[in-house]
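# Tertiary structure, described
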Amino acid sequence: MQLHYRGFVFRRQGGELWTPYCLMYTLYMNTQMPHSTWVEIELSAIKNNVRYFCDNSNANVMVIVKANAYGHGALPVLETALRAGAGWCGVARADEALELRRAGIQCPILVLGFTPLFMIEELIVNNISLAAWDIEYLKDVDVIAQKIDLPARIHLKVDTGMGRIGVDYGDAFDVARYLDVAQGLLFEGVSTHYARAYEADIAPTLEQDNRFRNVVEILRQAGICPSIVHSENSAAIINRLDLKWNMIRLGIAMYGLDPSEDCKCPDDLRPALTWKTQLSQVKHVPKGTGISYGHNYITSGPEIIGTVPTGYADGYRRHGEKTVLVRGKRVPVVGTVCMDQFMVRLDSVPGAAVGDEVVIIGCQGMDHISAEEVALRWNTINYDVVSSIGSRVSRVYV
Ligand SMILES: Cc1ncc(COP(=O)(O)O)c(C=O)c1O
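Residues numbered from 1 in each chain as written. Predicted model: local features only at pLDDT ≥ 70, side-chain atom pairs only at ≥ 80, totals over all residues. Heavy atoms only, no water.

## A word on the packing of helix α7 (residues 135–148) against helix α8 (residues 172–181)
- Taken N-terminus to C-terminus, the directions of α7 and α8 make an angle of 10°; their axes are 10 Å apart at the nearest point. The orientation of α7 relative to α8 falls into the category roughly parallel. Side by side, α7 and α8 meet where Ile 135, Leu 138, Lys 139 and Asp 142 of the first sit next to Asp 174, Val 175, Tyr 178 and Leu 179 of the second.
- A per-class count over the contact of α7 with α8 returns five nonpolar, no polar and three charged. (Axes fitted to C-alpha atoms, helices over the stretch in contact; angles between N-to-C directions. Helix = DSSP H or I, 4+ residues; strand = E, 2+ residues; numbered from the N terminus. Parallel < 35°, antiparallel > 145°, perpendicular 65-115°, else oblique. Contact = heavy atoms within 4.5 Å. Nonpolar A, V, L, I, M, F, W, Y, C, P; charged D, E, K, R; others polar.)

## Topic: the packing of aromatic side chains
- For the structure shown, the criterion picks out eight aromatic pairs.
- Each ring, one from Tyr 52 and one from Phe 53, has its centre 5.2 Å from the other, and the planes form 85°; the classification is edge-to-face.
- With a centroid separation of 5.7 Å and 45° between ring planes, the pair formed by Phe 114 and Tyr 137 is classed as tilted. Of the two residues, Phe 114 sits in the loop between β7 (109–111) and α6 (120–125) while Tyr 137 sits in helix α7, which places them 23 residues apart along the sequence. (Phe/Tyr/Trp six-rings, centres within 6.5 Å; stacked < 30°, edge-to-face > 60°.)

## Description of unusual backbone geometry
- Phi at Asp 149 takes a positive value of approximately 60°, unusual for a residue other than glycine.
- Looking at where Asp 149 falls in the secondary structure, it is placed in the loop between α7 and β9 (152–159).
- Note on Asp 149: relative accessible area 68%, which makes it exposed.
- Of note, the phi angle at Ser 292 is positive, near 70°, even though the residue is not glycine.
- Here Ser 292 shows up in the loop between β16 (290–291) and β17 (297–298). (Buried < 20%, exposed > 50% of the residue type's maximum accessible area, 1.4 Å probe, protein only.)

## Notes on the site of the ligand
- For the ligand, the full set of nearby residues is Ile 64, Lys 66, Tyr 70, Lys 157, Arg 164, His 193, Asn 233, Ser 234, Arg 249, Gly 251, Ile 252 and Tyr 383.
- At 2.6 Å from an oxygen atom of the ligand is found a side-chain nitrogen or oxygen belonging to Tyr 70.
- Arg 164 places a side-chain nitrogen or oxygen 3.2 Å from an oxygen atom of the ligand.
- In isolation the ligand has 400 Å² of accessible area, and contact with the protein removes 93% of it.
- The residue makeup of the shell around the ligand, split by class, is four nonpolar, four polar and four charged. (Near = heavy atom within 4 Å. Polar contact = N/O pair within 3.5 Å; in protein donor to acceptor, adjacent residues only side chain to side chain. Areas by Shrake-Rupley, 256 points an atom, 1.4 Å probe, with all protein chains shown as cover.)

Dropping the structure here:
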């Protein structure tokens, strides 16, 4: 049996009872199975991973659930993370934050990226904090906040070497001083972001941290003390760079995925996501048969070809060498990946039949294809692989 709620599917595994948490999702029940391609998210893995960081850190844990929780589904992941001990959540954009508030999330939320002025009032009213770094922008935010007589909660973003957003660390004091006195602004936090924390060489990160430390120290000497200071992402936390402010921003590692080849998750963590699909056709074709658009693959003898209802519109890339698991065996993807389908060669799985489960990411039998392996084949990173899984791919919570 499974439950459907707000486009999410919750499935009962084995003989286990629904947890009280899952019972919250019993509002809409039906028996439809996702049939083409779906991801299964193990919420107990999210819980385990968040707990690990809560238990091993004195800092408050902000979980990063931008981009639909890196493709895992923002609402169920966040609710699980909060139950596991996280205190804050971070998103990239104002509309992501508002969606969470509308869904009933009450924890503090920080918008990490740029917020256009026309959205400020709605953020303030919904008690959502925002990152900011520019005095002229902050003056406008101040006017809006004073007009509605509610404080705008600001986290000063300092650019210590990421080269993305933030006030340059050399100019941070002036903005902080303005923030400290502006009537409509509540100077809640100060933060920076590391550009190279996932590398084996920790020197560039320590240099960034040094700059950040100087900024915080100068503010303290001037009596400016925002209550929250944060800089560490998963890589900085895992590498135990001893940066230790009073909040950490936990992203990729919460999902049990490695920040990089040089910065792997501790063994206690486990990936939460499995991407599955199933065979929609199996055919025996003769030598010389062209497969898919462009006939980039032509059978070199009689072959068994399976069709899989997943394509690039689901986030399955066209380029790169690929394999998937069928009946516990690795089989190669052959021919061009189409928008909604791709083909596999099934000669090594002679009994393969329509309806057989196909695993794109995850375990089947004794084998396992990790998001990291897929990323390597697609010449990208695991963050990209999971966050690009399309919105029409059902999310099933087990
Ligand atoms: C500002 C900021 N903080 C924290 C994170 C989390 O990073 P990670 O997923 O590497 O833990 C991100 C993610 O890109 C980010 O942009």
